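Chain residues, written in single-letter form:
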Amino acid sequence: EHKGVVDFFQGDHVQASWNAVSHAIGHPKRAAIAALHLVKEFRQDSGLLNMSVGLSTGTAQVGNIGSTALRRFCVVGPVVTQASALERMTRLFQD
């Protein structure tokens, strides 16, 4: 729906990217709208109120990373680190 790709799951953490695998016009806006929809659906479905989201836009390295024995699709780089830091900071503003 929002033209993003989920590229990482671990525990309760989900990482998605836009414009990395295929061209998505307006990808920053699409990512923001997807985040808003995610929070809305999470609150309705779970009854829980707190959810953290971090968004950042910029250039990242994208592709299969690892050895011949273990390889997985990844999106890495400073922009990913920045989004992660923003997500952690949003926890400071939750009740």
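Reference entry: report on the structure contained in this document. (Residues numbered from 1 in each chain as written. Predicted model: local features only at pLDDT ≥ 70, side-chain atom pairs only at ≥ 80, totals over all residues. Heavy atoms only, no water.)

Thoughts on the pattern of salt bridges
Thought 1: Considering all chains together, one arrives at one salt bridge under this definition.
Thought 2: Across the pair Arg91 and Glu87 runs a salt bridge, and its minimum N-O distance is 2.9 Å.
Thought 3: Owing to a relative accessible area of 48%, Arg91 belongs among the partly exposed residues under this scheme. (Salt bridge = Lys/Arg side-chain N within 4 Å of Asp/Glu carboxyl O. Buried < 20%, exposed > 50% of the residue type's maximum accessible area, 1.4 Å probe, protein only.)

Thoughts on helix H2 (residues 78–90)
Thought 1: The end-to-end C-alpha separation of H2 is 19 Å, in line with the 18 Å expected for 13 residues at 1.5 Å each.
Thought 2: Within H2, burial applies to Val79, Ala83 and Glu87. Buried residues of H2, seen end-on, are gathered within an arc of 85° and therefore sit on one face of the element. Opposite the buried face of H2, by more than 90 degrees, sit the exposed residues Pro78 and Thr81. (Helix = DSSP H or I, 4+ residues; strand = E, 2+ residues; numbered from the N terminus. Expected span 1.5 Å × (residues − 1). Arc of directions from axis to C-beta.)

Brief notes about the pairing of strand E2 (residues 13–18)
Thought 1: As paired strands, strand E1 (residues 4–10) and E2 are joined by six bridges and run antiparallel to one another. Following the sheet pairing, Gln10 is matched in E2 by His13.
Thought 2: Following E1, the chain reverses through two residues before pairing antiparallel with E2; Gly11 in that reversal takes a positive phi of roughly 60°. (Pairing = 2+ DSSP bridges.)

As for the environment of His13
Thought 1: For His13, the location among the structural elements is in strand E2.
Thought 2: The spatial distance from the C-alpha of His13 to the C-alpha of Ser52 is 9.7 Å, given a sequence separation of 39 residues.

Here we look at a nonpolar patch on the surface
Thought 1: A contiguous nonpolar surface patch, about 470 Å² in accessible area, is contributed by Leu86, Met89, Leu92 and Phe93.
Thought 2: Summarising the element assignment, Leu92 is placed in the segment after H2.
Thought 3: Taking the relative accessible area as the measure of exposure, Leu92 reaches 69% and is therefore exposed. (Patch = residues over 30% accessible without salt bridge, like charges linked within 9 Å, V, L, I, M, F, W, Y side chains within 5 Å. Areas by Shrake-Rupley, 256 points an atom, 1.4 Å probe, with all protein chains shown as cover.)

Notes on the side chain of Ser17
Thought 1: Looking at where Ser17 falls in the secondary structure, it is placed in strand E2.
Thought 2: With near-sequence residues (within four places) excluded, Ser17 lies in contact with Gly4, Val5, Asp7 and Val75. (Contact = heavy atoms within 4.5 Å.)

A look at the pairing of strand E4 (residues 71–76)
Thought 1: Inspection of the sheet shows strand E3 (residues 61–66) paired to E4 by six bridges, in the antiparallel sense. Bridging from a neighbouring strand, Gln61 pairs with Val76 of E4.
Thought 2: Counting the residues between successive antiparallel strands, the hairpin from E3 to E4 contains four residues.

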